[in-house]
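# Remarks on the overall topology
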Amino acid sequence: MLPVNRTNALLTILTQIKSLHHTQQLHAKVIIHGLEQEVVLGSSLTNSYIQSNRLDLAAASFDRIPPSNRNRHSWNTILSGYSKSKNHIEILRLYNRMRKDCDDGVDSFNLVFAIKACLGLGFFENGVLIHGLAMKNGLDKDDYVAPSLVEMYGEFGGMEDAQKVFDEIPMRSSVLWGVLMKGYLRYSKDSEVFRLFCVMREEGLGIDSLTLICLVKACGNVFACREGKSVHCLSIRRGFIEQSGYLQASVVDMYVKCRLLDNARAVFETSVDKNVVMWTTLISGFAKCERAVEVFDLFREMLGESVLPNQCTLAALLVACSSLGSQRHGRSVHGYMMRNGIEMDAVNFTSFIDMYARCGTIRMARKVFDMMPERNVISWSSMINAFGINGMFEEALDCFGEMKSRNLTPNSVTFVSLLSACSHSGNVKEGRKQFASMRRDYGIAPEEEHYACMVDLLGRAGEVEEAKSFIDSMPVKPMASAWGALLNACRIHKKVELAEEIAEKLLSMEHNNESSVYVLLSNIYADAGMWEMVNSVRRKMGIKGYMKPVGLSAIELG
């Protein structure tokens with residue numbers, strides 16, 4: 001048999017081989033027949049080893065090809081193997097070797113491998129040099145190279161540079177549009193994602209799964225429920241939802257953020273690939289919406305399908321325990337982690353502190369806090385909050401002092417915990433002092449939660465008029481939380497006229513829970529004996545389809 005025919009025969013056999021053992025047998029035949037220096041055979045063997053996840057054998061096969069025989073295809077083959085295993089350093093080393101040994105080595109494929117390696121290593125300057133090389137070879141506008149460049153600049157250089165690269169490309173694929181949207185999402189510029197989608201539609205461009213994923217995520221981030229449903233419907237009509245597990249997970253996440261949990265569960269039930277991330281997303285959503293019973297039902301179902309929870313899943317379970325006020329469930333989760341050797345991270349420790357505190361077991365909260373190998377600002381803030389919600393103001397203040405003595409600088413979360421502790425204890429003087437200290441001593445600008453805490457503090461202490469003046473003098477537009485705290489103060493101190501004024505403001509706000517405002521206003525009228533107004537409010541609730549939730553109490557036995 002002629003060498004050419006023998007090579008072709010071996011290549012044909014190689015395309016049909018599926019196992020590593022058979023590849024090695026064929027490799028032996030190649031060596032026996034003295035064909036190991038054939039670049040086509042060597043590249044095919046290298047690729048076969050890569051498909052078998054044996055990068056060591058792939059590298060050995062590649063090294064048997066004489067450097068003078070190697071071409072772009074053989075170099076791209078070995079680069080693809082290292083890219084698959086995310087060995088970024090080796091990719092750049094091989095890429096530099098290729099440029100020295102192979103005169104016509106640069107093409108769109110190996111440029112993408114090199115750019116992605118720079119991304120993985122955080123080598124922005126190297127990435128800019130490779131961009132220059134792509135321009136020199138006329139490949140910077142290539143359908144494969146351009147999206148990688150936009151992604152790189154979006155990751156390191158900011159969206160202005162990414163947008164500049166994008167604008168210079170005359171023929172833009174749907175992949176390129178999707179990569180730019182993804183970049184804007186990373187910087188929380190959701191409005192830009194919507195703008196880009198509108199431009200795409202105006203230009204008559206098609207959409208793909210990446211575009212839809214970015215749109216769904218943007219809808220979830222801004223709680224755009226109606227638009228999110230429309231994107232979901234579009235993904236069903238175009239057949240993308242069935243093809244992409246990541247798109248399904250993004251739709252579930254969007255519905256969870258919009259608090260449309262039944263919609264989220266319906267999508268989840270139809271998903272084929274229910275991985276731990278999707279389970280955790282759904283469980284977290286139910287936990288945040290205080291549907292704790294369903295959280296534990298989902299967790300049992302998850303274990304029944306042999307999906308092991310991660311640390312985020314267990315943190316969500318602890319949120320459910322807190323809302324239930326069930327120390328028994330919390331201890332069960334704690335025991336599960338210990339029995340299964342799950343290492344606790346800072347999030348888990350903090351969740352346990354919060355859970356035990358909300359269940360009224362401050363001793364256990366402090367014990368968990370003391371067990372932490374390292375305590376950051378968040379864990380200290382959580383412990384301050386634990387003392388505060390249990391009415392232990394002096395202990396909260398001592399904890400704050402101890403934190404500062406360890407050279408830890410408080411952040412905005414710390415001051416929310418501290419002001420909340422002042423509010424629960426009615427310590428107006430200390431609250432004013434700490435609120436002033438935020439900006440003066442730490443340069444922290446008060447946010448919505450800080451203002452709401454101060455309004456709540458003043459309101460609880462009976463300083464309702466001062467609380468109203470405090471809101472009026474706020475440098476930012478008062479949000480629902482501040483007005484809600486003042487409305488609650490009006491209920492405590494029977495300020496009916498002011499309550500009516502505040503309720504009107506709250507009802508005019510978007511994304512506000514109208515039913516809770518009506519219920520609180522009804523209770524204020526009832527406390528004042530104004531039964532006609534009570535009936536009027538309840539009629540309005542009936543017209544709008546709102547129902548007053550049934551009050552429930554629970555005790556834990558054993």
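Use the structure listed above.
## Structural notes on the overall build of the protein
What the protein contains, in helices and strands, is 32 helices and zero strands. Each principal axis of the C-alpha atoms in the protein carries an extent, and together these give about 105 × 55 × 50 Å. Counting only residues that meet the buried cut, the protein has 47% of its 558 residues in that class. Contacts in the protein between residues far apart in sequence, at least 24 positions, make up 58% of those at least 6 positions apart. For the protein, the computed accessible surface area is about 28,600 Å², with 52% contributed by carbon and sulfur atoms. Put simply, the protein has 62 plus and 63 minus side-chain charges, and the middle of one group is 3 Å from the middle of the other.

## With respect to the layout of surface pockets
Approximately 1,000 Å³ is the volume found for the largest pocket. Forming the boundary of the largest pocket are 32 residues, of which D354, R358, N385, V416 and E449 lie nearest the centre. Counting only elements with at least two residues in the lining of the largest pocket, the list comes to helix 17 (276-288), helix 19 (311-324), helix 21 (346-358), helix 23 (377-389), helix 25 (412-425) and helix 27 (448-460). By residue number, the principal contributor to the lining of the largest pocket is helix 25, which donates seven residues. Of the residues belonging to the lining of the largest pocket, the class tally is 11 nonpolar, 14 polar and seven charged.

## Thoughts on the packing of helix 10 (residues 159-167) against helix 11 (residues 174-186)
In contact at an axis separation of 10 Å, helix 10 and helix 11 are set at 170° when each is read in the N-to-C sense. Put simply, helix 10 runs roughly antiparallel to helix 11. Packed against helix 10, whose contacting residues are M159, A162, Q163 and F166, the element helix 11 presents L176, W177, L180, G183 and Y184 at the interface. The residue makeup of the contact of helix 10 with helix 11, split by class, is seven nonpolar, two polar and no charged.

## Brief notes about unusual backbone geometry
The phi dihedral of N53 falls on the positive side, at around 60°, and the residue is not glycine. If you trace the backbone, N53 turns up in the loop between helix 3 (39-51) and helix 4 (55-63). Of note in this structure, E290 is not a glycine but carries a positive phi near 60°. Within the secondary structure, E290 is located in the loop between helix 17 and helix 18 (292-304). For E290, a relative accessible area of 62% translates into the label exposed.

## A word on the nonpolar core
Grouped together as the largest cluster of nonpolar side chains are 169 residues, with contacts concentrated most on L111, F352 and M383. Among the elements that line this core, the one with the most residues is helix 7 (residues 108-121), at eight residues.

Calculation notes
Within any chain, residue numbers begin from 1 and follow the written order of that chain's sequence. Local features in this predicted model are restricted to residues of pLDDT 70 or higher, and side-chain atom pairs are both shown and tallied only at a pLDDT of 80 or more, whereas totals for entire chains, interfaces and linings draw on every residue. Remark: hydrogens and water are excluded; side-chain values derive from all non-hydrogen atoms of the structure. Numbered from the N terminus, helices here are DSSP runs of H or I no shorter than four residues, and strands are runs of E no shorter than two. For every residue, the accessible area (1.4 Å probe, protein chains only) is compared with the maximum for its type, and the residue is labelled buried under 20%, exposed over 50%, or partly exposed between those bounds. Throughout, a contact is declared for two residues whenever any of their heavy atoms are within 4.5 Å. Accessible areas in this description were obtained via Shrake-Rupley with a 1.4 Å probe; residue shielding takes into account the shown protein chains only. Residues counted as positive are Lys and Arg, residues counted as negative are Asp and Glu, and His and the chain ends are not counted. In this description, the location of a charge corresponds to atom NZ of lysine, CZ of arginine, CG of aspartate or CD of glutamate. Buried and open spaces are told apart on a 1 Å grid over the protein atoms alone, a cavity being a set of points where a 1.4 Å probe fits but cannot get out and a pocket being an open set with protein on both sides within 12 Å along at least five of seven lines. Residues with an atom within 4 Å of a point are the lining residues. Grid points are joined across faces, edges and corners, and a volume is the space filled by probe spheres set on the points. By the convention adopted, Pro, Cys, Tyr, Trp, Phe, Met, Ile, Leu, Val and Ala count as nonpolar, Lys, Arg, Asp and Glu as charged, and the other residues, Gly among them, as polar. Each axis is a line fitted through C-alpha atoms, and for a helix only the stretch in contact is used; angles between axes span 0 to 180 degrees, taken between their N-to-C directions. Angular relationships are summarised with four words: roughly parallel below 35 degrees, roughly antiparallel beyond 145, roughly perpendicular across 65 to 115, and oblique for the angles in between. Buried residues of nine kinds, namely Ala, Val, Leu, Ile, Met, Phe, Trp, Tyr and Cys, make up a nonpolar core once their side-chain atoms join them within 4.5 Å.

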